[in-house]
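Residue strings, one per chain:
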Amino acid sequence: MEKSSTISSIHTGYSAPASSKISKGQRRQPSLSPGVVIWFTGLSGAGKTTLARALEVLLYEAGYPVEHLDGDAVREHLSKGLGFSREDRDTNIRRIGYVANLLAKHGVLVLVSAISPYRSTREAVLAEAPRKLEVYVDAPLKVLIQRDVKGLYARALRGEIPHFTGISDPYEPPLNPDLHLRTDQMSLQECLSRLLAALAPFGVEEVPKR
Ligand SMILES: Nc1ncnc2c1ncn2[C@@H]1O[C@H](COP(=O)(O)OS(=O)(=O)O)[C@@H](OP(=O)(O)O)[C@H]1O
Ligand SMILES: Nc1ncnc2c1ncn2[C@@H]1O[C@H](COP(=O)(O)OP(=O)(O)O)[C@@H](O)[C@H]1O
């Protein structure tokens, strides 16, 4: 699905694959501008999935091509069998980043929701994105333990889940995120408004809020 009005008018910046044998003059100009990788990072229960899903609905209904790569879902398929060591988490994030960047190069707005705890890995992956928005989804650990959406914090605090991010494993927050959303201080609607405002400079406009 392509939104024709605002997106197609933007300079594309698209570059042909290195292996292409078709000269520039022969090739039809792509009508899509590159997409955007919107990367939600933060602790478990901070609100990454909730925000990504709600934004996905708004963008889809407004006619934009959109895909959501969620940490939990990716671990069922693309990253099945990976654990939570630093090496496995980095492999998981590089795989997600690879797919996200491929999709974005073809005009898709890609929403990624994964803890992605290591700064250098996030930065390396996002450096490859044609256009990116790094969103730090944040709430104090105390609040996350109270929310305990999946009951994981209680188990981690009892020592039943080794290497649990924020409890017994590190999380390195972004130093300079494009957007910092405090989900303990801002409503879901407020967070969505901030996200849409941050997407406007990319030509993602006219998305009606619900
Ligand atoms: N040890 C440990 N640490 C953190 N999280 C754990 C762990 N074990 C299982 N889970 C569940 O796995 C979800 C996080 O997967 P991710 O792929 O997003 O993690 S990572 O980015 O590779 O670090 C995470 O999902 P979210 O709560 O949606 O963040 C948890 O449900
Ligand atoms: N402003 C907000 N944005 C997102 N989620 C929020 C917000 N305020 C409260 N919540 C709640 O916090 C929880 C976040 O859970 P989830 O989205 O699964 O987190 P994560 O994907 O980061 O693990 C949900 O129960 C959600 O309703």
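Throughout this document, residue positions are counted from 1 along each chain, in the order its sequence is written. Working convention: letters from A go to chains and numbers from 1 go to ligands, in the order in which they are written. Whole-chain, interface and lining totals are the exception, using all residues; otherwise, since this is a predicted model, local features are given only for residues with pLDDT of at least 70 and side-chain atom pairs are given and counted only at 80 or more. Only hydrogens and water are set aside; all other atoms, that is, all heavy atoms of the structure, feed into the side-chain values.

In the annotation of an unreviewed UniProt entry, the entry for the chain reads Adenylyl-sulfate kinase, and the organism field reads Meiothermus ruber. UniProt positions are given in the numbering used here, feature names are shortened, and annotations may be inferred rather than shown by experiment. Quoted verbatim from the Function (unreviewed entry) heading of the UniProt record, the comment on the chain is "Catalyzes the synthesis of activated sulfate." Here is the UniProt Sequence similarities (unreviewed entry) comment for the chain, exactly as written: "Belongs to the APS kinase family."

1. A word on the pattern of salt bridges
For this analysis, a salt bridge means a side-chain nitrogen from Lys or Arg found within 4 Å of a carboxyl oxygen belonging to Asp or Glu. By the definition in use, this model includes 8 salt bridges. Taken together, the shared-partner salt bridges in this structure form one network comprising R155, R158 and E160.

2. What about the sheet that holds strand β2 (residues 66-70)?
Read from one edge to the other, the open sheet built from 5 strands follows the order β2-β3-β1-β4-β5, with strand pairing classed as parallel. Each end of this open sheet is capped by a strand with a single partner; those strands are β2 and β5 (179-182). Averaged over all neighbouring strand pairs, the angle between strand axes comes to 15 degrees, with direction disregarded. In this analysis, two residues are considered to be in contact whenever any of their non-hydrogen atoms come within 4.5 Å of each other. Angular values range over 0 to 180 degrees, each being the angle between N-to-C directions of two axes fitted as lines to C-alpha atoms, with helices fitted over their stretch in contact. Per the convention used, a helix needs a DSSP run of H or I reaching at least four residues, while a strand needs a run of E reaching at least two, with both numbered from the N terminus. Sheet contacts for helix α4 (residues 86-105): β1 (36-41), β2 and β3 (109-113); angle to β1, the most-contacted strand, approximately 150 degrees. We treat two strands as partners when DSSP finds at least two bridges between them.

3. What to know about the pairing of β5
Remark: exposure states derive from per-residue accessible area (1.4 Å probe, protein chains only) relative to the maximum for the residue type, with buried under 20%, exposed over 50%, and partly exposed in between. Residue alternation in β5 divides its side chains into a buried set, L179 and L181, and an unburied set, H180 and R182. Note that strand β4 (residues 132-138) and β5 share 4 bridges and pair parallel. The partner of Y136 across the bridge, within β5, is H180.

4. Side note on the site of ligand 1
Close to ligand 1 lie 21 residues; S44, R75, R89, S116 and H163 are nearest. A distance of 2.8 Å separates an oxygen atom of ligand 1 from a polar atom in the side chain of R89. N92 is positioned with one of its side-chain polar atoms (N or O) 2.9 Å from an oxygen atom of ligand 1. Broken down by secondary-structure element, the contributors of at least two residues to the shell around ligand 1 are α3 (71-76) and α4. A breakdown of the residues in the shell around ligand 1 according to their chemical character gives 9 nonpolar, 7 polar and 5 charged. Any residue with at least one heavy atom within 4 Å of a molecule or strand is counted as near it. Polar contact is defined as a pair of N or O atoms within 3.5 Å, subject to the rule that within protein one atom must be able to donate a hydrogen and the other to accept it, and that residues adjacent in sequence are counted only when both atoms are side-chain atoms. Each residue receives one of three labels: charged for Asp, Glu, Lys and Arg, nonpolar for Ala, Val, Leu, Ile, Met, Phe, Trp, Tyr, Cys and Pro, and polar for the others, Gly being one of them.

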